[in-house]
Amino acid sequence: MADTTPPAPLRSPLSYAAAALAAATRASGGAIRLAELPFLAQVNVRLDAKGAAADAVGLALGLQLPLEPDTVVRAGESTVLWLGPDEWLLVGPPDTQRELEARVREAAGDEPVSVTDVSAQRTTLLVAGPRARDLLAHGCSLDLHPRAFAPGRCAQTTLARTQVVLVARDEPRAGFWVLVRSSFAGYLTDWLLDAATEYVHGSACPA
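Only a predicted model underlies this, so the values are computations on that prediction, with no experimental measurement involved.

Definitions and cut-offs
Residues numbered from 1 in each chain as written. Predicted model: local features only at pLDDT ≥ 70, side-chain atom pairs only at ≥ 80, totals over all residues. Heavy atoms only, no water. Pairing = 2+ DSSP bridges. Helix = DSSP H or I, 4+ residues; strand = E, 2+ residues; numbered from the N terminus. Axes fitted to C-alpha atoms, helices over the stretch in contact; angles between N-to-C directions. Contact = heavy atoms within 4.5 Å. Buried < 20%, exposed > 50% of the residue type's maximum accessible area, 1.4 Å probe, protein only.

Undergrad: Residue-level account of the sheet that holds strand β3 (residues 72-75), with values.
TA: The strand order across the open sheet formed by five strands is β3-β4-β5-β2-β6, and the pairing between neighbours is antiparallel. Strands at the two margins of the open sheet, each flanked by one partner only, are β3 and β6 (113-117). Here the average twist between neighbouring strands, direction ignored, is 20 degrees. In this structure, strand β2 (residues 41-47) lies alongside β6, joined through five bridges in antiparallel fashion. Of the residues in β6, the one forming a bridge with R46 is S114. Here helix α3 (residues 97-108) sits on the sheet in contact with β2, β4 (78-84), β5 (87-92) and β6, set at roughly 175 degrees to β6.

Undergrad: I'd like a description of unusual backbone geometry, backed by residues and values.
TA: Notably, D70 is not glycine yet its phi reads approximately 60 degrees, a positive angle. With respect to the element layout, D70 can be found in the loop between α2 (52-61) and β3. Exposure remark for D70: the relative accessible area of 29% places this residue in the partly exposed category. In this structure, A160 is a non-glycine residue whose phi angle is positive, near 55 degrees. Here A160 is to be found in the loop between β8 (154-159) and β9 (162-168).

Dropping the structure here:
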């Protein structure tokens, strides 16, 4: 007899921390916003940036692959991060990784290309609000001033001694994405919650 037991619902690496993140957001009085953005599609792409595949893949995705180091290009719900001279990370809505992978492979045709679904490797933390840069600066050696790390920039760096991909979102007041490996997500969340206590009920200096 066939097993008719419904599959267990997916649980994100930080599902247990949703209430704590929401509580920290409320306690900050609007200074910061913390949340997990679970299950975002993440597809790693490697190809020759000067080859025909780069233009074809960009056309298929409705955008141009970023060629400037540490930059981000967004079109609709798809975002592409520059990770290296021949490497990018495509980020899309949940459950779109197979579609993204198929579009890239079809567009590349016979051109050499490596396409890998890495969605399960990382989860994404949202850090937003007027004091988001200050919060992140507590644990990141990058200069996060808007002149140095403006919206539309990304970097592979460390935050609280944890390897992350940090993205300055380009929408107004959208804050930052922190892409972190699932195995380190709990530790990094605990660090963010601890650092966020500085901003409880206006205890931090005005922006």
